[in-house]
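Here is what each chain is made of, one letter per residue.
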Amino acid sequence: MSFGLYYHIPYCFSRCRYCDFYAAGAWRGVPDAYIDALVAALGRHVLPGRPDTLYFGGGTPSLLTPAQCARLIQAAAPKPGAEITLEANPETVTLASLQGYRAAGVNRLSIGVQSARDSQLRTLGRPHTAAQARQAFALARQAGFANISGDIMLALPHYTRAEFDETLELIRQGGAGHISAYLLKIEPGSAFGRRPPAGLPDPDQAAGFYLYAVEQLARAGYRQYEISSFARPGFEGRHNRLYWDCEDYLGLGPAAHSCLGGKRFFYPADTAAFIAGADPVPDGGCGAEDYLILQLRLSTGLDLAEYRRRGGAAFTPHQLAFLERCAQAGYLTLTPRRLTLTPLGMIVQNSILEELI
């Protein structure tokens, strides 16, 4: 069994307008007291072993100093060959900081690009420019990173296929082996939720942008292996796969979630409370329903025998008839052994799941 460790770094320069993730407010760096709290929290857990993957997420983990990053990696004591990922915003990195992260043990970098158009970046509230994104990729390669991922957002205000093409080209030329492509979702707690921007595509247009992205990414050599994840061979992300396979993972930091030994828990979304030593909150278990939901995110789909082994119920005649109709419409494939959503089906995944759970 694999085990992953997640460090949540909730500090940012500023809050993007689409974001409703928990953040600690506007900061230019990460306080050492927060690093102390992460190390202390790690020491309070009984772990199933040394982590196979380690992920610094945020927030903006590239606000960490290399020394802080090194301390957290040393505390985690990952296995030899572990995947160690750090999310980075283009405006926060320098050659020196990237070289420092590499020396600390980071071997995978995830760069938040979102769009290659500065006008769009301003609309989103991103604090970087397209030129800074290009520079970040160049510096990452110069610092010795061979495993680089780039993030793209789809169906943005006044979006066009040309904008996607430009963004894909920026990331491809930057040397990324992995790309995450997300449809913009207007979250109620975000600035966009309070005041939606003009020019948002309707659901049919958004679906068209997603299918176009899947097609163009495949042509560029990035194979889809999950709803929003695309990779060249050998560059698939290992850490997130632990989530989708219902493997053990520990998340540390305010609002971080975990699943260890089939039990879920999370830390309250309160940085001050976390620094003061707050305990995590129980959040139920991870059963067959979770496995079904998460496996259907993957292009390999749901292994029906494994689903039953985990306690999943056989599909009813009504559900089977529904799945057959979906298959005829091109949303999925269904065999006696496996249920797999097509890219078209992934767009309406929630509607399909409503019939199955």
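Residues numbered from 1 in each chain as written. Predicted model: local features only at pLDDT ≥ 70, side-chain atom pairs only at ≥ 80, totals over all residues. Heavy atoms only, no water.

Draft legend 1. Highlighting the overall build of the protein chain. Assigned secondary structure in the protein chain consists of 15 helices and 15 strands. For 357 residues, the compact-globule estimate of 2.2 N^0.38 gives 21 Å, and the C-alpha radius of gyration of the protein chain, at 20 Å, lies within 12% of that figure. Projecting the C-alpha coordinates of the protein chain onto the three principal axes gives extents of approximately 60 × 50 × 40 Å. Sorting the 357 residues of the protein chain into buried and exposed places 51% on the buried side. A separation threshold of at least 6 residues defines the contact pool for the protein chain, and within that pool the share at least 24 residues apart is 70%. Here the protein chain has roughly 15,600 Å² of accessible surface; of this, 53% comes from carbon and sulfur atoms. Between the mean site of the 33 positive side-chain charges and the mean site of the 32 negative ones, the protein chain shows a separation of 4 Å. (Helix = DSSP H or I, 4+ residues; strand = E, 2+ residues; numbered from the N terminus. Rg over C-alpha atoms; globule rule 2.2 N^0.38 Å. Buried < 20%, exposed > 50% of the residue type's maximum accessible area, 1.4 Å probe, protein only. Contact = heavy atoms within 4.5 Å. Areas by Shrake-Rupley, 256 points an atom, 1.4 Å probe, with all protein chains shown as cover. Lys, Arg positive; Asp, Glu negative; His and termini not counted. Charge placed at Lys NZ, Arg CZ, Asp CG, Glu CD.)

Draft legend 2. Looking closely at the packing of aromatic side chains. Under the criterion given, the structure shown has ten aromatic pairs. Look at tyrosine 159 and phenylalanine 209: their rings are 4.9 Å apart centre to centre, the planes differ by 90 degrees, and that puts the pair in the edge-to-face class. Of this pair, tyrosine 159 sits in the loop between β5 (148–154) and α6 (161–173) while phenylalanine 209 sits in helix α8 (residues 203–219); the two residues are 50 residues apart in sequence, bridging distant segments of the chain. No difference in accessibility class separates tyrosine 159 from phenylalanine 209, as the two residues are buried. (Phe/Tyr/Trp six-rings, centres within 6.5 Å; stacked < 30°, edge-to-face > 60°.)

Draft legend 3. Fine view of the nonpolar core. Membership of the largest hydrophobic core comes to 105 residues, with the highest contact counts inside it found for Tyr7 and Phe56. In terms of residues, this core owes the most to one element, α8, which gives seven residues. (Core = buried A, V, L, I, M, F, W, Y, C linked by side-chain atoms within 4.5 Å.)

Draft legend 4. Spatial organisation of the sheet that holds strand β13 (residues 302–303). If you trace the three strands from one edge of the open sheet to the other, you get β13-β15-β14, paired in antiparallel fashion. Every interior strand has two partners, whereas the edge strands, β13 and β14 (332–334), have only one. Examined bridge by bridge, β14 and strand β15 (residues 338–341) share three bridges and lie antiparallel to one another. Considered in β15, the bridge of leucine 332 is made with leucine 341. (Pairing = 2+ DSSP bridges.)

Draft legend 5. Local environment of the side chain of aspartate 151. Tracing the backbone shows aspartate 151 in strand β5. Residues contacting aspartate 151, with those up to four places away along its chain left out, are Ser110, Ile111, Gly112, Val113, Gln114, Ile171, Ser180 and Tyr182.

Draft legend 6. Quick look at the pairing of strand β9 (residues 248–252). In terms of burial, β9 is a largely internal element, five of the five residues being buried. Across the two faces of β9 the burial is the same, with Asp248, Leu250 and Leu252 and Tyr249 and Gly251 all buried. Direction of pairing for strand β1 (residues 3–9) relative to β9: parallel, over a ladder of five bridges. Directly across from phenylalanine 3, in β9, lies its bridge partner aspartate 248.

Draft legend 7. Inspection of the pattern of salt bridges at higher detail. In total, this model carries twelve salt bridges according to the counting rule given. For glutamate 215, the salt bridge goes to arginine 219, with nearest N and O atoms at 3.3 Å. Placement of the pair is glutamate 215 and arginine 219 together in helix α8, with a separation of four residues, close to one helical turn. (Salt bridge = Lys/Arg side-chain N within 4 Å of Asp/Glu carboxyl O.)

Draft legend 8. Spatial organisation of helix α1 (residues 32–43). With twelve residues, α1 extends 17 Å between its outermost C-alpha atoms, agreeing within 8% with the 16 Å of an ideal straight helix rising 1.5 Å per residue. Every buried residue of α1 is accounted for by Tyr34, Ile35, Ala37, Leu38, Ala41 and Leu42. One side of α1 holds all its buried residues, which, seen down the axis, span an arc of 160 degrees. Residues of α1 that are exposed and point more than 90 degrees away from the buried face comprise Asp32 and Gly43. The elements touched by buried residues of α1 are β1, α2 (66–76), β9 and α10 (271–275). (Expected span 1.5 Å × (residues − 1). Arc of directions from axis to C-beta.)

Draft legend 9. Broad picture of the pairing of strand β3 (residues 83–88). Across the six residues of β3, five count as buried, placing the element largely inside the fold. Looking at chain direction, strand β2 (residues 53–58) and β3 are connected through four bridges and run parallel. Bridge pairing in β3 links phenylalanine 56 to leucine 86. Handedness of the β-α-β unit built from β2, α2 and β3 comes out right-handed. Across four bridges, the pairing between β3 and strand β4 (residues 108–114) is parallel. If you follow glutamate 87 over to β4, its bridge partner there is serine 110. Taken together, β3, helix α3 (residues 95–104) and β4 constitute a β-α-β crossover, and its handedness is right-handed. (Right-handed = clockwise from strand over helix to strand, strands pointing away.)

Draft legend 10. Looking closely at α6. For α6, which comprises 13 residues, the first-to-last C-alpha distance of 18 Å matches the rise-based estimate of 18 Å (1.5 Å per residue) to within 8%. Among all positions of α6, only Glu163, Phe164, Thr167, Leu168, Leu170 and Ile171 are buried. Along α6, the residues classed as buried sweep out an arc of 160 degrees about the axis, all on the same side. Lining the buried residues of α6 we find β4, α4 (118–124), α5 (130–142), β5, β6 (178–183) and α8.

All we've got here are geometric facts, nothing functional implied.
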